[in-house]
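What follows is each chain in one-letter form.
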Amino acid sequence: MGDVGTGRRRRNGDKTETAEKSVSEILQRAIKAESQWEDKDDFLDVVYWMRQVLGLLMGLAWGIIPLRGILGLVLFLVVNIGIVYIYCNSFQKIDEDDYGGVGEIIKEGLMTSFATFLVTWIILYSSIHGH
């Protein structure tokens, strides 16, 4: 996932080509509505890293608010999945079938985002509201 701009090599038949993509090019496509994604991995990388940022920000918010228990967990999942779904279907208007269906896009990076969220939420909540 984190190999954007690293010059990873791809095999096309007999020839090997270097895929050089700058982070700024991918970010420009990510924030532009209905962008064309020639490389499906680039779009999935955007979804993955968007989720990581969401997990961190939501963990900070939940720790400061202070949300507790199952409400915080369920709210995280609903907001995180909802934002990714809206981004893919309403903003980028991608064809889910090209990526293995909506379920595959929804699962992309969800568990690592959840882990980031939990660690951030627990550490911040404990340090601010701990007894």
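Conventions used here
Residues numbered from 1 in each chain as written. Predicted model: local features only at pLDDT ≥ 70, side-chain atom pairs only at ≥ 80, totals over all residues. Heavy atoms only, no water. Patch = residues over 30% accessible without salt bridge, like charges linked within 9 Å, V, L, I, M, F, W, Y side chains within 5 Å. Areas by Shrake-Rupley, 256 points an atom, 1.4 Å probe, with all protein chains shown as cover. Salt bridge = Lys/Arg side-chain N within 4 Å of Asp/Glu carboxyl O. Helix = DSSP H or I, 4+ residues; strand = E, 2+ residues; numbered from the N terminus. Buried < 20%, exposed > 50% of the residue type's maximum accessible area, 1.4 Å probe, protein only.

*Asks:* Got a minute to help me understand a nonpolar patch on the surface in this structure?
*Replies:* Taken together, the side chains of Val53, Leu56, Leu57, Leu60, Ile64 and Ile128 present a nonpolar region at the surface, about 520 Å² in accessible area. Element by element, the count of residues in the nonpolar patch is highest for helix 2 (residues 40-64), at five residues. Along the chain, Leu57 falls in helix 2.

*Asks:* Would you take a moment to explain the pattern of salt bridges for this structure?
*Replies:* Oppositely charged side chains may form a pair once their charged atoms are brought near each other. Counted according to the given criterion, the structure contains four salt bridges. One salt bridge in this structure joins Arg29 and Asp42, with 3.7 Å as the shortest N-O distance. Residue Arg29 is located in helix 1 (residues 23-31), and its partner Asp42 is located in helix 2; the two are separated by 13 residues in the primary sequence. Overall, Arg29 belongs to the buried group, its relative accessible area being 17%. Relative accessible area serves as the criterion here: at 1%, Asp42 is assigned to the buried category. Residues Lys107 and Glu104 are paired through a salt bridge, measuring 3.1 Å at the closest nitrogen-oxygen approach. In this pair, Lys107 and Glu104 both sit in helix 4 (residues 102-107), three residues apart, roughly one turn of the helix. The class for Lys107 is exposed, based on a relative accessible area of 54%. The class of Glu104 is partly exposed, set by a relative accessible area of 38%. A single network of salt bridges, built from pairs that share partners, joins Arg29, Glu38 and Asp42.

Such coordinate-based values are descriptive only and should not be taken to indicate function.
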